[in-house]
Amino acid sequence: MREILEKLNQGIKEIRDLENLKRIKAEYLGKRGYITKLLKNISTLPAEEKKNYGEMINSLKKEAEKIFSQKNEGIRKEIENLSLEREKLDISLPGRRYAKGSLHPLNIVLREIEGIFEGLNFSIEEGPEIEYELYNFDMLNMPKEHPARDMHDTFYIDEDILLRTHTSPVQIRVLREKVPPLMFISPGKVYRRDADVSHSPMFHQVEGMIVDRKVSFSHLKGIMTVFLREFFGEETRLRFRPSYFPFTEPSAEVDIQCIICRGDGCRLCSYTGFLEILGCGVVHPNVFKAAGYDPKIWKGLAFGMGVERMAMLKYGINDIRLLFENDYRFLKIFA
Ligand code: PHE
């Protein structure tokens, strides 16, 4: 009897699944199973042995059933543990973090420019990007055949409507819509047919205008100085150079000391020690006349700057295209 149980134990030792266990159980305890057969053999025995034999086989059967049910339980536990192990969650693993959004460098610079001028009591005005040729050129003292139109490689929409080439037409719009005295800046997109490391067909400008009875070039110089020192740092040296714009007279260009060589001369500043940063001047009488103002009464100052250029010089960006590609590796520097 013990031999049978030992053999049984041996036989199921390596079994790891319920299917095979069931099969072996049937071999012992099934209808034609080994132990079942032993029990049937009882009929062939003489009467006096039947009782003993019966008890013996029955306890063997019970013993075998116990072994099977224990093994069955064991396999089920094992399977359960295995699947628990496989599906285990590591709750100590840190979650995936989302990258935090941040302002685009152009918006950082735009906000800074706006902030400085708001601090000087300028208001903010906006004009359309699709503009009349009349406002973009003619009324700014640039009639049809004016050679200064050449500097602006213009995208025309039809004969007299275009994508504005500068923010100066906002001067005309505000002059026509508002009552002086005026003091405003006008940020926005402008368009020119030009594309290389320092030119983009779409870029941003900030226009500025002051209109009052008594304003002079010295006010302009003062405001430009305050603004540029605030933006580039108190130590920044400036240079005002005579220049030409059809809509201002006199006109000037303002340079800042080169941010790379600090004035010694390098490739960025073409060995001049200075970088051109904005255009400005006293509003031309023809602009006032075009907008219906008496230039004997009203005086004006105007300036305009490129936002990309300001950003590139402030952050040392050497290719304007970086500002429009939205490469995350570039943008995250400004986060
Ligand atoms: N509109 C000029 C430009 O695009 C800049 C400017 C504005 C110059 C106002 C003088 C006064 O280059």
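Residues numbered from 1 in each chain as written. Predicted model: local features only at pLDDT ≥ 70, side-chain atom pairs only at ≥ 80, totals over all residues. Heavy atoms only, no water.

### Quick look at the overall build of the chain
Each helix and strand in the chain was counted, giving 12 helices and 10 strands. The C-alpha atoms of the chain give a radius of gyration of 45 Å, which is well past the 20 Å a tight globule of 335 residues would have. By its C-alpha atoms, the chain is 145 × 50 × 35 Å across when sized along the principal axes. Buried positions account for 42% of the 335 residues belonging to the chain. The contacts in the chain between residues at least 6 apart in sequence include a share of 65% that link residues at least 24 apart. About 20,400 Å² of surface is accessible on the chain, with carbon and sulfur atoms providing 51% of the total. (Helix = DSSP H or I, 4+ residues; strand = E, 2+ residues; numbered from the N terminus. Rg over C-alpha atoms; globule rule 2.2 N^0.38 Å. Buried < 20%, exposed > 50% of the residue type's maximum accessible area, 1.4 Å probe, protein only. Contact = heavy atoms within 4.5 Å. Areas by Shrake-Rupley, 256 points an atom, 1.4 Å probe, with all protein chains shown as cover.)

### Digging into the site of the ligand
Around the ligand, a shell composed of 14 residues is seen, among which His-166, Ser-168, Arg-192, Gln-205 and Glu-207 lie nearest. Contact between the ligand and Arg-192: an oxygen atom at 3.0 Å from a side-chain N or O atom of the residue. Contact distances for the ligand include 3.0 Å between an oxygen atom and a side-chain N or O atom of Gln-205. Of all elements in the fold, only β6 (202-212), β9 (274-283) and β10 (299-306) reach the threshold of two or more residues within the shell around the ligand. No other element matches the three residues that β10 contributes to the shell around the ligand. Taken together, the residues that form the shell around the ligand break down as five nonpolar, seven polar and two charged. (Near = heavy atom within 4 Å. Polar contact = N/O pair within 3.5 Å; in protein donor to acceptor, adjacent residues only side chain to side chain. Nonpolar A, V, L, I, M, F, W, Y, C, P; charged D, E, K, R; others polar.)

### Observations concerning the nonpolar core
Judged by nonpolar contacts, the single largest core of 45 residues is most densely connected at Phe-117, Phe-227, Leu-228 and Met-310. Elements that contribute at least two residues to this core include exactly α5 (105-119), β6, α8 (217-232), β8 (248-257), β9, β10, α10 (307-315) and α12 (328-331). Of all the elements, α8 adds the most residues to this core, at seven residues. Among all residues touching Met-310, those that are not within four sequence positions of it are Val-109, Ile-113, Phe-227, Leu-228, Phe-231, Phe-232, Ile-277 and Met-305. Listed in part, the 24 residues of the second largest apolar core include Tyr-135, Leu-175, Val-283 and Val-287. (Core = buried A, V, L, I, M, F, W, Y, C linked by side-chain atoms within 4.5 Å.)

### Here we look at the domain arrangement of the chain
By the assigned domains, the chain splits into domain 1 (2-86) and domain 2 (105-334). Taken over C-alpha atoms, the centre of domain 1 sits 96 Å from the centre of domain 2. (Domains from an automatic or database assignment.)

### Section: the packing of aromatic side chains
Summed over the entire model, instances satisfying the criterion amount to 13 aromatic pairs. Aromatic pair Tyr-132 and Tyr-135: ring centres 5.4 Å apart, planes at 75 degrees, arrangement edge-to-face. Centroid distance Tyr-315 to Phe-334: 5.0 Å. Interplanar angle 75 degrees. Geometry classified as edge-to-face. One end of the pair, Tyr-315, is in helix α10; the other, Phe-334, is in the segment after α12, with 19 residues separating them in the sequence. Accessibility expressed as a relative area gives 31% for Tyr-315, which makes it partly exposed. An aromatic cluster of at least three residues, connected via ring pairs, comprises Phe-117, Phe-122, Phe-227, Phe-231, Phe-232 and Phe-303. The ring of Phe-240 carries Lys-221 above its face, with NZ or CZ at 5.6 Å from the centroid. Seen from the ring of Phe-231, Lys-314 lies directly overhead, with NZ or CZ sitting 4.2 Å from the centre. (Phe/Tyr/Trp six-rings, centres within 6.5 Å; stacked < 30°, edge-to-face > 60°. Lys NZ or Arg CZ within 6 Å of the ring centre and 35° of its normal.)

### Here's the deal with the pattern of salt bridges
Applying the stated criterion to the full structure yields 12 salt bridges. Measuring nitrogen to oxygen at the nearest pair gives 3.2 Å for the salt bridge that ties Glu-27 to Arg-23. Within this pair, Glu-27 and its partner Arg-23 are both found in helix α2 (residues 18-29), separated by four residues, close to a single helical turn. Notably, a salt bridge pairs Glu-125 with Lys-178, separated by 3.0 Å at the nearest N-O pair. Pair noted here: Glu-125 is in the loop between β1 (123-124) and β2 (130-132) and Lys-178 is in the loop between α7 (169-177) and β5 (182-191), with a separation of 53 residues, a long-range link. Where salt bridges share partners, they join Arg-239, Arg-241, Glu-253 and Asp-255 into one cluster. (Salt bridge = Lys/Arg side-chain N within 4 Å of Asp/Glu carboxyl O.)

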